[in-house]
Structure formats: C-alpha cells, structure tokens
Amino acid sequence: MSNQTIMWVAFATVMTVMFVIDLGVFSRKTHEVKFREALTWTIVWVSLAMIFNAGIYYFMGPDKALEFLTGYVIEESLSVDNLFVFIMIFSYFHVAKHHQPKILKWGILGALVMRGIFILLGIGLIERFHWMIYVFGGLLIVTGIKMAFGGDDHIEPEKNLLVRLVRKFVPVTKRVSGDRFFIRKCGKIAATPLFLTLLVVESSDVIFAVDSIPAVLAVTHDPFIVYTSNVFAIMGLRSLYYLLAHVMDMFVYLKLGVSFILCFVGAKMLLGDVFEMPIYFSLGVIVGSLTIAILISVMVGNKRKSRHA
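Participant: What exactly am I supposed to notice about the overall build of the protein chain here?
Facilitator: Scanning the protein chain for helices and strands turns up 11 helices and 2 strands. Along the protein chain, helices (α) and strands (β) appear in the sequence α-α-α-α-α-α-β-β-α-α-α-α-α when read from the amino end. When the 309 residues of the protein chain are sorted by exposure, 48% land in the buried category. A total of about 16100 Å² of accessible surface is found on the protein chain, and carbon and sulfur atoms cover 67% of it.

Below, the structure written as structure tokens:
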C-alpha cells in the first residue's frame, strides 16, 4: 500500500466518523447553533485539518504538506465570501436560525459532490489543454477585481434558474412547515420555502467552486491535495458561519483581502511558465493579506466606536 493510499484511507475514515458525529448526532435535532457550540466545532475542524496535515508531512513529505496547508488556507479565506452570501440568502427567505443548520448540512453534502466533479474536470482540462491555466488565472484576476470594486452583492433568488423551474413544475407553499423540504398539500407534493433556500445555497456553491478550484490548482495539480483541502475547509464552513455571522460587520476590509488573494493566485497561474513561485512564499502572501485585512478592520472599527462614544 502506497503512502498516498494510506492517507486516502485515513481521510475517508476521519470524514465518515465526523459525518456520523457532526451531521448525524449533534445536528439530528432542529436547534439554533449558539456561539459556544460554533466555536467548539470550528476548533475541532481546524485541529483535524492540522492533524491531517501532519499525517501528510509524515507519509508524503514536507512539500505535499505545504501544498495542503496553502490550499486549505486559500479555501478558508474564500469561504468568507460564502458567509456573506449565506447571510443574505437566509435573510431574503426569512429562514429562522433553528432551521438554518439543516439547510447548511444538506448544502455541504451537495457541495462535496460538486467539488469532486469540478476538481476532476479542472485537472483534466489543465493536463489535456495547458492553455486552460491562463483561462483560470485570468478568471481569478477578473473575479478578484470585481469583488474589490463591484460594490455590495445583491441576491435575487427569484431569478435563479433552479428556483424558477421548481416554481413552474412543483407547487410551493408560502409558509414553512417545521424543518421539512416537502409536504403533502391537497393530495399533491409541494415544496416549502426551505427547499427553495437550499437550491439557492447549492447553486451559489457552484459559483464559488468556479473561483476556489482554480485557486487551489494554482498551488498543486494533485487531486488528493486539492480535494482533501477543499473538503476540510467546507466541513468547517458551517460552524464558521455561526461563529462569524454576528460579527461580520467588524471585518469590513476582509473582503478586500480575499480579492487580493484571488488576484495573487491568478497572477501566479499566469506567470507559472515564466517564474515558479515557491509555495512557502505563496502561503506567506496569503496569510499576510488576511492578517493585514483583519487588523485594519479591527483598527478602523475601534476608531469608529471611539468617535461614537
């Protein structure tokens, strides 16, 4: 058994156990996730990612471990934009806090499948058509610039293609019925607003994947590293949402930091044939960008508070 096979088995085992514990036991009952629970699970997922990274270091070497860590940090930083969108989606559909965990749970399960497909397609395209690297790099730069200067995002779920198709072929209730996605009404199956919310969450992740997968491919083309770093970041996204949902206003410049990271990794892909940037340098730039954005946000926030006081 090769070292990478050992890590695949370890990864599958860890994820299976955590799925049962996190999504099967603790999330079985509908409830509002409090700050303390969100903080605990965030620490658990980050710790598991770092332990897994240590395993990669031991079985696959320091280079692969550095690739995983860089990919994981990129995915976590790009998750910040997901959080902004999730907040707007739940606000639009007036989803109660105790119903949000179920939607995010099924949204994450769908995201894991879609990310796997996107990764295989992305790596296949790059290996078969080398010029796709320039397409992905340009896409990341354009997305980063739009994120920085495009203003506030606007969510218009009623224009979503999936939502329009469901409304056309399936009756949709106006009110939520517990935490169910479908109910029987007048002898017919009808979808609830929670199901429409899930569709918008899933379709938004497809858009995120278009950005995040090429970003990690700028670091490595190893399917194992790309997928596992994605999965660990996605699995921790749900708890991170509840941890930061109420304090997102404190990090007003964090989005600018994320946009810079997108532009940076895009430039890295475009210059890859001319200059091979060391992974440790890329990791330093990414972590440094996030740190500076957070510090400036906190400093500006404190100044505003002192002025109001």
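Next comes the rest of the description.
Participant: Looking at this model, I keep getting lost on the pairing of strand S2 (residues 188-191). Mind explaining?
Facilitator: In the case of a regular strand, side chains alternate between the two sheet surfaces. For strand S1 (residues 182-185) and S2, the ladder comprises 4 bridges, and the chain directions are antiparallel. Bridge pairing links phenylalanine 182 to alanine 191 in S2.

Participant: Looking at this model, I keep getting lost on the side chain of serine 239. Mind explaining?
Facilitator: Position of serine 239 among the secondary structure elements: in helix H9 (residues 237-244). Residue serine 239 is classed as buried on the basis of its relative accessible area, which comes to 8%. Separated by 3.1 Å, the side chain of serine 239 and the backbone oxygen of glycine 236 make a polar contact.

Participant: Could you clarify how one ought to interpret helix H7 (residues 193-217) in this entry?
Facilitator: If you check H7, its first and last C-alpha atoms are 36 Å apart, about what 25 residues at 1.5 Å a residue would give, namely 36 Å. A bend of about 30 degrees at phenylalanine 208 is the largest found in H7. The buried fraction of H7 is high, at 22 of 25 residues.

Participant: For this particular structure, what's the right way to read the environment of tyrosine 57?
Facilitator: Tracing the sequence through the fold places tyrosine 57 in helix H2 (residues 35-60). Sequence-wise, tyrosine 57 and phenylalanine 68 are 11 residues apart; in three dimensions their C-alpha atoms are separated by 9.5 Å.

Participant: How should the pattern of salt bridges be read in this particular structure?
Facilitator: Two side chains that carry opposite charge are able to pair once their charged atoms sit near each other. Using the criterion set out here, one finds 3 salt bridges in the structure. Arginine 115 is the salt-bridge partner of glutamate 75, the closest N and O atoms lying 3.4 Å from each other. One end of the pair, glutamate 75, is in helix H3 (residues 62-92); the other, arginine 115, is in helix H4 (residues 100-128), with 40 residues separating them in the sequence.

Participant: Would you mind going over the nonpolar core with me for this structure?
Facilitator: General note: in soluble globular proteins, nonpolar side chains tend to be found buried as a group. Counting residues in hydrophobic clusters, the biggest one holds 34 residues, and the most contacted among them are Ile74, Leu217, Val265, Met269 and Ile286. Going through the elements one at a time, H3, H4, helix H5 (132-149), H7, helix H10 (254-270) and helix H11 (279-308) are the ones with two or more residues in this core. Grouped together as the second largest cluster of nonpolar side chains are 29 residues, Ile89, Phe93, Ile103 and Leu240 included.

Participant: Please clarify how the packing of aromatic side chains should be interpreted in this entry.
Facilitator: How two aromatic rings sit relative to each other is set out by the distance from centre to centre and by the angle between their planes. Inspection of the entire model under this criterion finds 13 aromatic pairs. Arranged with centres 5.1 Å apart and planes meeting at 40 degrees, the rings of phenylalanine 52 and phenylalanine 232 form a pair that is tilted. Highlighted residues: phenylalanine 52 in helix H2 and phenylalanine 232 in helix H8 (residues 223-235), separated in sequence by 180 residues. The same class applies to phenylalanine 52 and to phenylalanine 232, which are both buried. An aromatic cluster of at least three residues, connected via ring pairs, comprises Trp8, Phe11, Phe52, Phe68, Tyr72, Phe224, Tyr227 and Phe232.

Participant: How should unusual backbone geometry be read in this particular structure?
Facilitator: A negative phi holds for most residues other than glycine; trans holds for most peptide bonds. Of note, the phi angle at histidine 94 is positive, near 55 degrees, even though the residue is not glycine. With respect to the helices and strands, histidine 94 occurs in the loop between H3 and H4. Residue classification places histidine 94 among the exposed residues on the basis of a relative accessible area of 69%.

Participant: Looking at this model, I keep getting lost on the packing of H4 against H8. Mind explaining?
Facilitator: Contact geometry of H4 with H8 gives a least axis separation of 10 Å together with a crossing angle of 155 degrees. Taken together, the axes of H4 and H8 are roughly antiparallel relative to one another. Considering only the axes of H4 and H8, their crossing is right-handed. Taken together, the residues of H8 that come into contact with H4 (itself represented by Ile108, Ala111, Leu112, Arg115, Gly116, Ile119 and Ile123) are Pro223, Val226, Tyr227, Asn230, Val231, Ile234 and Met235. A breakdown of the residues in the contact of H4 with H8 according to their chemical character gives 11 nonpolar, 2 polar and 1 charged.

Rules and cut-offs
- Residues numbered from 1 in each chain as written.
- Predicted model: local features only at pLDDT ≥ 70, side-chain atom pairs only at ≥ 80, totals over all residues.
- Heavy atoms only, no water.
- Helix = DSSP H or I, 4+ residues; strand = E, 2+ residues; numbered from the N terminus.
- Buried < 20%, exposed > 50% of the residue type's maximum accessible area, 1.4 Å probe, protein only.
- Areas by Shrake-Rupley, 256 points an atom, 1.4 Å probe, with all protein chains shown as cover.
- Pairing = 2+ DSSP bridges.
- Polar contact = N/O pair within 3.5 Å; in protein donor to acceptor, adjacent residues only side chain to side chain.
- Expected span 1.5 Å × (residues − 1).
- Bend = angle between axes of the 7 residues up to and from the residue.
- Salt bridge = Lys/Arg side-chain N within 4 Å of Asp/Glu carboxyl O.
- Core = buried A, V, L, I, M, F, W, Y, C linked by side-chain atoms within 4.5 Å.
- Phe/Tyr/Trp six-rings, centres within 6.5 Å; stacked < 30°, edge-to-face > 60°.
- Axes fitted to C-alpha atoms, helices over the stretch in contact; angles between N-to-C directions.
- Parallel < 35°, antiparallel > 145°, perpendicular 65-115°, else oblique.
- Left-handed = near helix turned anticlockwise from the far one by under 90°.
- Contact = heavy atoms within 4.5 Å.
- Nonpolar A, V, L, I, M, F, W, Y, C, P; charged D, E, K, R; others polar.

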